Amino acid sequence: MTIKNVMVIGAGQMGSGIAQVFAQSGFHVYLNDRDDKALAKGINTIEKLLTRAVDKGRLTEEGKAETLNRLTPSTNLEDAKLCDLVIEAVVENMDVKTSVFKQLDTITPKHAILASNTSSLPITEIASATNRPEQVIGMHFMNPVPVMKLVEIIRGLQTSDETYQTIEDMTHQLQKTPVEVNDFPGFVSNRILMPMINEAIYTLYEGVASPKDIDTVMKLGMNHPMGPLQLADFIGLDTCLYIMEVLHEGFADSKYRPCPLLRKYVKAGWLGKKSGRGFYQYD
Ligand SMILES: CC(=O)CC(=O)SCCNC(=O)CCNC(=O)[C@H](O)C(C)(C)COP(=O)(O)OP(=O)(O)OC[C@H]1O[C@@H](n2cnc3c(N)ncnc32)[C@H](O)[C@@H]1OP(=O)(O)O
Ligand SMILES: NC(=O)C1=CN([C@@H]2O[C@H](COP(=O)(O)OP(=O)(O)OC[C@H]3O[C@@H](n4cnc5c(N)ncnc54)[C@H](OP(=O)(O)O)[C@@H]3O)[C@@H](O)[C@H]2O)C=CC1
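Rules used in this analysis
- Residues numbered from 1 in each chain as written.
- Chains lettered and ligands numbered in written order.
- Predicted model: local features only at pLDDT ≥ 70, side-chain atom pairs only at ≥ 80, totals over all residues.
- Heavy atoms only, no water.
- Helix = DSSP H or I, 4+ residues; strand = E, 2+ residues; numbered from the N terminus.
- Rg over C-alpha atoms; globule rule 2.2 N^0.38 Å.
- Buried < 20%, exposed > 50% of the residue type's maximum accessible area, 1.4 Å probe, protein only.
- Areas by Shrake-Rupley, 256 points an atom, 1.4 Å probe, with all protein chains shown as cover.
- Lys, Arg positive; Asp, Glu negative; His and termini not counted.
- Charge placed at Lys NZ, Arg CZ, Asp CG, Glu CD.
- Pairing = 2+ DSSP bridges.
- Right-handed = clockwise from strand over helix to strand, strands pointing away.
- UniProt positions renumbered as here; feature names shortened; annotations may be inferred.
- Near = heavy atom within 4 Å.
- Polar contact = N/O pair within 3.5 Å; in protein donor to acceptor, adjacent residues only side chain to side chain.
- 1 Å grid on protein atoms, 1.4 Å probe; cavity = no way out; pocket = protein on both sides within 12 Å on 5 of 7 lines; lining within 4 Å.
- Points joined across faces, edges and corners; volume = space filled by probe spheres on them.
- Nonpolar A, V, L, I, M, F, W, Y, C, P; charged D, E, K, R; others polar.
- Axes fitted to C-alpha atoms, helices over the stretch in contact; angles between N-to-C directions.
- Parallel < 35°, antiparallel > 145°, perpendicular 65-115°, else oblique.
- Left-handed = near helix turned anticlockwise from the far one by under 90°.
- Contact = heavy atoms within 4.5 Å.
- Expected span 1.5 Å × (residues − 1).
- Arc of directions from axis to C-beta.

**Considering the overall build of the protein chain**
When helices and strands are counted, the protein chain shows 11 helices and eight strands. Rg of the C-alpha trace for the protein chain: 19 Å, near the compact-globule value of 19 Å for 283 residues, within the 12% margin. Its C-alpha atoms put the protein chain at 55 × 45 × 30 Å along the principal axes. Looking at the 283 residues of the protein chain, the share that counts as buried comes to 51%. When the accessible area of the protein chain is evaluated, it comes to approximately 13,700 Å², of which 51% is carbon and sulfur surface. If you average the places of the 29 positive and of the 34 negative side-chain charges in the protein chain, the two averages end up 5 Å apart.

**Re the pairing of strand S2 (residues 28-32)**
Here S2 lies mainly inside the structure; four of its five residues are buried. Relative to S2, strand S1 (residues 5-9) runs parallel, the two being bridged by five bridges. Opposite Met-7, over in S2, you have Tyr-30 as the bridge partner. Between the parallel elements S1 and S2, the chain passes through helix H1 (residues 13-24) in a crossover that is right-handed.

**Overview of the UniProt feature "domain: 3-hydroxyacyl-CoA dehydrogenase NAD binding" (unreviewed entry) in the protein chain**
With numbering aligned to this structure, UniProt lists the feature "domain: 3-hydroxyacyl-CoA dehydrogenase NAD binding" (unreviewed entry) at residues 5-183. Secondary structure content for residues 5-183 is 41% helix and 22% strand, and the end C-alpha separation is 27 Å.

**With respect to the site of ligand 1**
Within the structure, ligand 1 sits among 18 residues, and Arg-58, Ser-119, His-140, Asn-143 and Asn-190 are positioned closest to it. Residue Lys-56 places a side-chain N or O atom 3.0 Å away from an oxygen atom belonging to ligand 1. The side chain of Arg-58 places a nitrogen or oxygen atom 2.7 Å from an oxygen atom of ligand 1. Contact with the protein chains covers 65% of the free accessible surface of ligand 1, which is 1,000 Å². For the shell around ligand 1, the elements supplying multiple residues, two or more each, are helix H2 (36-55), helix H7 (189-205) and helix H9 (228-235).

**Quick look at the UniProt feature "domain: 3-hydroxyacyl-CoA dehydrogenase C-terminal" (unreviewed entry) in the protein chain**
This chain's UniProt record puts "domain: 3-hydroxyacyl-CoA dehydrogenase C-terminal" (unreviewed entry) on residues 186-282. Each end of residues 186-282 is marked by a C-alpha atom, and these two atoms are 28 Å apart; helix forms 62% of the span and strand 0%.

**A short note on the layout of surface pockets**
Approximately 460 Å³ is the volume attributed to the second largest pocket. For the second largest pocket, the lining is made up of 17 residues, of which Gln-20, Gln-24, Arg-58, Pro-146 and Val-147 are closest to its centre. Elements represented by at least two residues in the lining of the second largest pocket include exactly H1 and H2. The residue inventory of the lining of the second largest pocket, partitioned by class, reads nine nonpolar, four polar and four charged.

**Digging into the site of ligand 2**
Not every one of the 23 residues close to ligand 2 is listed here, only the nearest: Asp-33, Arg-34, Glu-92, Lys-97 and Ser-119. One of the side-chain N or O atoms of Glu-92 is found 2.6 Å from an oxygen atom in ligand 2. Isolated, ligand 2 exposes 900 Å² of accessible area, and the fraction of that covered by the protein chains is 82%. Elements supplying a minimum of two residues to the shell around ligand 2: H1, helix H4 (94-107) and strand S6 (136-141). It is H4 that contributes the most residues to the shell around ligand 2, three residues altogether. Per-class residue counts for the shell around ligand 2 are nine nonpolar, nine polar and five charged.

**Thoughts on the packing of helix H10 (residues 237-251) against helix H11 (residues 260-267)**
Orientation of H10 relative to H11, taken along the N-to-C sense of each, is 135°, at an axis distance of 9 Å. If you check the angle between H10 and H11, you find them oblique. Both H10 and H11 take part in a crossing whose hand is left-handed. Contacts between H10 and H11 involve Leu-237, Asp-238, Cys-240, Leu-241 and Glu-245 from the first element and Leu-262, Arg-263, Tyr-265 and Val-266 from the second. The class makeup of the residues in the contact of H10 with H11 is six nonpolar, no polar and three charged.

**Description of helix H6 (residues 161-173)**
An ideal rise of 1.5 Å per residue puts 18 Å on 13 residues; H6 measures up with 18 Å between its terminal C-alpha atoms. Among all positions in H6, only Thr-163, Tyr-164, Thr-166, Ile-167, Met-170 and Thr-171 are buried. The arc that holds every buried residue of H6, seen down its axis, measures 165°, which confines them to one face. Of the exposed residues in H6, the ones pointing more than 90 degrees away from its buried face are Asp-161 and Glu-162. Taken together, the buried residues of H6 touch H1, strand S4 (85-88), strand S5 (113-116), S6, strand S7 (150-155) and strand S8 (177-182). Following H6 by one or two positions, Gln-175 adopts a phi angle in the positive range, close to 65°.

Shown next as structure tokens:
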């Protein structure tokens, strides 16, 4: 199948990065958000990152202008009727995602593939909100999308081989490396990463060390590029909590219980870097 037009839904940190990578790879991209302000912020982030790429000599001014020309901001989901592929990157909540997929199923052309950038939610359940489960798939990018090479591709129970192959080929076209995984809570990435982050939060909660010292142990002791608490702030504490809840519920195993401190911070609106405060404070 030939994919020309792509819609990315949700202009947050992941959606804007995904839209940028597709536009830089020559696709026409509709970046959709229900909120004008969020959309403007997403486009602004892309412009800044492209300018940085020009300054660093990785992109020409012409390449930057062409990339921006391929990006169309959208607040109308009906624009998806022009798209061959839609990638949903809204909040990590099953009800919100299934509502988006239900609408997309009626709006998009019959051939269109519907992908989710979900971090942990079952693709099979998202697919069941549509009448085309064979064309629904997980396309899980890593944050920050323009930098990270991995895309976890998740097959739902009914995802067809043709859909899988199209998305795998597309991942190579984006200069990323695909890894095929089956539909289990948290897939591979967050089944391993998020319990480590949750354990770091317990380590803080139990007074073992300060946030900075916990992060230093993992950075200097294990060569991680960011400490787990800094990484949690970077991902978003709301997203971390939602993922832990999916693991806890999905495996029905107490080893995945979210740390009470994580819940407390999310309730306080301390969502990490994006809200200005999490385990650290940001200007
Ligand atoms: C939750 C999920 O479902 C799945 C996930 O995504 S989990 C999160 C996965 N991501 C990680 O684990 C990231 C861990 N951190 C890192 O790899 C690194 O700290 C990092 C790549 C983010 C930054 O690298 P660094 O060497 O510490 O900093 P820095 O030198 O400033 O940045 C390196 C490059 O990344 C770019 N970069 C950094 N942050 C960026 C961002 N938010 N968006 C786009 N580009 C970014 C910088 O522009 C820089 O590129 P150039 O200098 O070549 O232009
Ligand atoms: N953060 C990370 O490191 C990673 C996150 N993910 C996954 O990507 C998805 C998005 O995460 P992230 O970008 O961090 O989240 P953000 O909070 O940064 O962005 C989500 C965006 O989606 C918008 N949105 C919410 N509901 C709708 C809707 N119904 N229609 C259109 N737009 C909507 C939000 O708008 P508003 O603010 O108005 O609600 C917001 O602009 C989640 O599923 C997450 O699990 C995957 C990999 C890594």
